[in-house]
Amino acid sequence: MTAARRRAPRRLLADGAWEDAEASLARAARAGRPALVALDFDGTLAPIVSRPDRVRVPSATLRSLRDASKLPWLRIAALSARPMRDLARYLPVTGILRVAQYGLEGGDALDPKRLRAIRAGVDALHGWIEPLAAAAPGAWIEDKRLTIAVHYRDVAPRHRGALVRRLRTLAARAERLGFHVERGRRVLDFVPAGYDKGRALRMLRRRVRPAVTFYFGDTAGDEPAFAALGRRDFPVRVGTGPTAAPYRVRGPEEVARFLRALVSKRR
């Protein structure tokens, strides 16, 4: 992002910004190239919940995704920290692209040697994290085999700070294993070096070759994807919080409204 784009984000669905979006979609259609709409999952398509297995995408949002995926000038993609099995389960929509675990699944194929090293690293991290999580009631580990996350949403505030400090200290050891930390909403993800949502989005763009890209995300982990986009694209922060994205929507309900607006312009 250039310094000029670090002003307060504009409301994407407000007058002016939405007209810019419509004009970009129209230019893409005239050029005969698709528009790419890539969306984070938790906090973007689905409201945040206390446990990942309790998540539900609203039925109206699923219908809009199905309808939008049928438009010849549009490609829809879900780009998530979740494993592919979760995206397949919670987004049962044909015709959309799914990129999971920061591009480790659904992205470029992994070299077998690299894959073995990643899985060995996750196993080692699991052993290091386990006693830290056990000492903080309410914390739990999500081992996704290629990444590993520590959830602390249910940890009491008096214990939360100490747990996060210990996990951040652990991050230095994780770097020696070839992992870095991605921050979400009361979750820390340990991810293989070189992988983030920026890399995953760049891969998607090479695959789709869109005329314009919209990317929606709600946490600091989505900032690399915003930074991967160009001046004519639409990085959109979902919800509150500091961001380099030049556009914002209030929450998943406005993401759904954006999808409905796309479908209404299907002609």
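Residues numbered from 1 in each chain as written. Predicted model: local features only at pLDDT ≥ 70, side-chain atom pairs only at ≥ 80, totals over all residues. Heavy atoms only, no water.

1. Quick look at a positive patch on the surface
Taken together, the side chains of Arg-27, Arg-30, Arg-231 and Arg-232 present a region of like positive charge at the surface. What makes Arg-232 exposed here is its relative accessible area of 69%. (Patch = residues over 30% accessible without salt bridge, like charges linked within 9 Å, V, L, I, M, F, W, Y side chains within 5 Å. Areas by Shrake-Rupley, 256 points an atom, 1.4 Å probe, with all protein chains shown as cover. Salt bridge = Lys/Arg side-chain N within 4 Å of Asp/Glu carboxyl O. Lys, Arg positive; Asp, Glu negative; His and termini not counted. Charge placed at Lys NZ, Arg CZ, Asp CG, Glu CD. Buried < 20%, exposed > 50% of the residue type's maximum accessible area, 1.4 Å probe, protein only.)

2. Remarks on the sheet that holds strand S11 (residues 247-249)
Strand pairing in a sheet relies on backbone hydrogen bonds. The paired strands run either parallel or antiparallel. With parallel pairing, the 7 strands of this open sheet are ordered in space as S1-S11-S10-S9-S2-S3-S4. Here the strands that pair on one side only, and so sit at the sheet edges, are strand S1 (10-11) and strand S4 (97-99). Alignment of strand S2 (residues 35-39) against strand S3 (residues 74-79), held across 5 bridges, turns out to be parallel. From the neighbouring strand, Leu-39 faces S3, where its bridge partner is Ala-78. (Pairing = 2+ DSSP bridges. Helix = DSSP H or I, 4+ residues; strand = E, 2+ residues; numbered from the N terminus.)

3. Some details on the packing of helix H2 (residues 59-69) against helix H8 (residues 252-264)
At their nearest, the axes of H2 and H8 sit 9 Å apart, and the two run at 35 degrees to each other. When you trace H2 past H8, the crossing you get is left-handed. Residues Thr-61, Ser-64, Leu-65, Asp-67 and Ala-68 of H2 form the contact with H8, whose participating residues are Ala-256, Leu-259, Arg-260 and Val-263. In the contact of H2 with H8, the residues fall into 5 nonpolar, 2 polar and 2 charged. (Axes fitted to C-alpha atoms, helices over the stretch in contact; angles between N-to-C directions. Left-handed = near helix turned anticlockwise from the far one by under 90°. Contact = heavy atoms within 4.5 Å. Nonpolar A, V, L, I, M, F, W, Y, C, P; charged D, E, K, R; others polar.)

4. Examining the packing of aromatic side chains
The final tally for this structure, using the stated rule, is 7 aromatic pairs. Aromatic side chains Phe-216 and Phe-258 sit 4.9 Å apart centroid to centroid with 50 degrees between the ring planes, which places their arrangement in the tilted category. Of the two residues, Phe-216 sits in strand S9 (residues 212-217) while Phe-258 sits in helix H8, which places them 42 residues apart along the sequence. The rings of Trp-18, Phe-214, Phe-216, Phe-234, Tyr-247 and Phe-258 are connected pair by pair, giving a single aromatic cluster. The residue whose ring lies beneath Arg-173 is Trp-128, and the NZ or CZ to ring-centre distance is 3.9 Å. Over the aromatic face of Tyr-195 sits the side chain of Arg-199, whose NZ or CZ is 4.0 Å from the ring centroid. (Phe/Tyr/Trp six-rings, centres within 6.5 Å; stacked < 30°, edge-to-face > 60°. Lys NZ or Arg CZ within 6 Å of the ring centre and 35° of its normal.)

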